[in-house]
Amino acid sequence: MARHVHIIGGGMAGLAAAVEIAGSGQRVTVYEAGRACGGRARSYEDKRLGCRIDNGNHMLLSANDLVFRYLGLTGALDTVGGPSRPVFPFVDLEKPKQWSLELSSGRVPWWLFNKKRRVPGMHLKEALSLQKILAAGPETTVSECLVPGELSRRLLDPFSISVVNTPSDVASAALLASVVRLSLAKGGAACLPRYPREGLSESLVDPALEHLKIMKAEVRTGMRLTALETIEGRVSSLSFGDELVEVDRHDAVILAVTAPVAAALLEPHIPDFQVPNEFESIFNAHYRLETSPVPFGDFREAGFIGVIGGISEWIYLKKDLISVTVSAASRYADRDPEELGDVIWQEVRQALNPHLATILPEQPLTRRMVWEKRATFAATPAQERRRPGARTALSNLALAGDWTATSLPCTIEGAMKSGHEAVRVLGLRGLQV
Ligand SMILES: Cc1cc2nc3c(=O)[nH]c(=O)nc-3n(C[C@H](O)[C@H](O)[C@H](O)COP(=O)(O)OP(=O)(O)OC[C@H]3O[C@@H](n4cnc5c(N)ncnc54)[C@H](O)[C@@H]3O)c2cc1C
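About the thresholds
- Residues numbered from 1 in each chain as written.
- Predicted model: local features only at pLDDT ≥ 70, side-chain atom pairs only at ≥ 80, totals over all residues.
- Heavy atoms only, no water.
- Near = heavy atom within 4 Å.
- Polar contact = N/O pair within 3.5 Å; in protein donor to acceptor, adjacent residues only side chain to side chain.
- Areas by Shrake-Rupley, 256 points an atom, 1.4 Å probe, with all protein chains shown as cover.
- Nonpolar A, V, L, I, M, F, W, Y, C, P; charged D, E, K, R; others polar.
- Pairing = 2+ DSSP bridges.
- Helix = DSSP H or I, 4+ residues; strand = E, 2+ residues; numbered from the N terminus.
- Axes fitted to C-alpha atoms, helices over the stretch in contact; angles between N-to-C directions.
- Core = buried A, V, L, I, M, F, W, Y, C linked by side-chain atoms within 4.5 Å.
- Buried < 20%, exposed > 50% of the residue type's maximum accessible area, 1.4 Å probe, protein only.
- Domains from an automatic or database assignment.
- Contact = heavy atoms within 4.5 Å.

S.K.: Just checking my understanding: could you explain the site of the ligand for this structure?
M.R.: Near the ligand, the surroundings consist of 33 residues, among which Glu32, Arg40, His58, Met59 and Asp402 are the closest. Taking glutamate 32, its side chain carries an N or O atom lying 2.6 Å from an oxygen atom of the ligand. Between histidine 58 and the ligand, the recorded distance is 2.7 Å, taken from a side-chain N or O atom to an oxygen atom. In the complex, the protein chains occlude 92% of the 1000 Å² of accessible area that the ligand would expose alone. Looking at side-chain class alone, the shell around the ligand contains 17 nonpolar, 11 polar and five charged residues.

Shown next as structure tokens:
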């Protein structure tokens, strides 16, 4: 009988693991607690806005090899898009200025020497910050590496907050360094911004589910794992409320749920099991307009703009929908979301009007604020130490999830890396592509 691989959790980590092994002779079942797969990267119909939205804007980079492998395997490569050059338009609302950062495509950072392409007002000596980040030890925070100046204020600090979703004064510089190594240090060709043309689910969920169906893998939604039983150091059964699923001696389990859920399920079976237990939120403000604004210049090419000196960080325009991301948003937790929505809309108008054929209205047609309270774990050195590896004390159980020890921050690439690692430590047959 074929080995049965049970994957608990249908987020990016669980789906990436399923896509890797489906069709390679093993029986694969994904159990997802929710009504739909996707976890923290999903699209849904929003009644108030009257359209489909993503739970939050997600930016990918051309350096995200595992994401692109997944998109390739699931036939979804053409569902993501982005500019043809590594161009990042910015606006500073505090010290008014607009510019476009345009990285050099090769490894040599010529852009740092070109006043038209680099961060305005920066001095070359500030580039030392990047060296300090790359050399950072496990206890160093990002702020400790940042040389004061415009390169830090207008690029490195906001870049870090978006990447690790944690304020720089407490964020792990080593974690940021892992992304710098994969992106900036490789040059602009690795830093092409990429995002779903339509929505997260249309790129990262629906094509994967279609692929899994063709590969005869089963995906069961509405299946919440409530407990697991163990015998002789291995998982022997899985309880989904009233339904009990036996796990045969040769079968394997990948637990790709969130960190708190994994801790609750494994506490009775693995003594001293630790996971990250502090979290950071991300706030997204979505504004629907009566008509689709017409953008021009680099904003048109990029599809987004970075904002410095405001609450907003990234503003995306998709037809008649403007979506704004605010990372490390726990600092705004005591603010009324509707009041924040007003402030952010004024920032949007200030930032976008110079890049649009007609100016934005005083008020949008309608809007929706979405807080993801536990968007990621707080990427501090102390939390970093709590990330467990994929291998567990239970011989047929591996962990996956962006919170496991991937050496990457909580990102889709990190989640997918964890799925691959779970497949590897369980010795499962993957696709050789
Ligand atoms: C607002 C926001 C913006 C983000 N922006 C970016 C970005 O720009 N770029 C980027 O790369 N990343 C971004 N991220 C991070 C990225 O979304 C996550 O790293 C990734 O989606 C995590 O995937 P995961 O599979 O590890 O976890 P999850 O998505 O949390 O998946 C876990 C799954 O397990 C299910 N589950 C939980 N308990 C059970 C149970 N008991 N039984 C069965 N199933 C269960 C859950 O329903 C869920 O579907 C963002 C995240 C948020 C929230």
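S.K.: I keep staring at the sheet that holds strand β14 (residues 252-255) and nothing clicks. Help me out?
M.R.: Paired through backbone hydrogen bonds, the strands of a sheet run either parallel or antiparallel to each other. The five strands are arranged β10-β2-β1-β14-β20 in an open sheet whose pairing can be described as parallel. One side of each edge strand has no neighbouring strand; the edge strands of this open sheet are β10 (218-221) and β20 (397-399). In this sheet, neighbouring strand axes are inclined to one another by 15 degrees on average, regardless of whether the strands run parallel or antiparallel. Where strand β1 (residues 4-8) and strand β2 (residues 27-32) come together, five bridges link them in parallel fashion. Pairing of isoleucine 8 across the sheet is with tyrosine 31, part of β2.

S.K.: How should the sheet that holds strand β6 (residues 80-81) be read in this particular structure?
M.R.: If you trace the three strands from one edge of the open sheet to the other, you get β5-β9-β6, paired in antiparallel fashion. Strands with a single pairing partner mark the edges of an open sheet, and in this sheet they are β5 (60-61) and β6. Pairing geometry for β5 and strand β9 (residues 193-196), over two bridges, is antiparallel. Each residue of the ladder has a partner; that of leucine 60, found in β9, is arginine 194.

S.K.: Please explain the nonpolar core as it appears in this structure.
M.R.: Here is a general trend for soluble globular proteins: nonpolar side chains tend to be buried in one another's company. Residues Ile8, Leu238, Leu255 and Leu266 are the most contacted members of the largest nonpolar core, which totals 65 residues. Each of two domains, domain 1 (4-34 + 222-277 + 379-425) and domain 2 (104-190), supplies a minimum of three residues to this core. Once residues lying within four places of it in the same chain are set aside, the contact partners of leucine 255 are Ile8, Leu225, Ala262, Leu265, Leu266, Leu397, Ala398, Leu399 and Ala400. Ile21, Ala22, Ala76 and Val423 belong to the second largest nonpolar core, which has 43 residues in total.

S.K.: Explain helix α1 (residues 12-21) to me, please; I cannot follow it from the model alone.
M.R.: Side chains three or four residues apart in an α-helix point the same way, a direct result of the helix having 3.6 residues per turn. Burial within α1 is extensive, with 10 of its 10 residues counted as buried. Listed in full, the buried residues belonging to α1 are Met12, Ala13, Gly14, Leu15, Ala16, Ala17, Ala18, Val19, Glu20 and Ile21. The inward-facing, buried residues of α1 contact β1, β2, α2 (65-73), α7 (200-214), β14 and α12 (412-425). Phi turns positive, to about 85 degrees, at glycine 23, one or two residues after α1.

By themselves, these figures tell us nothing about what the structure is for.
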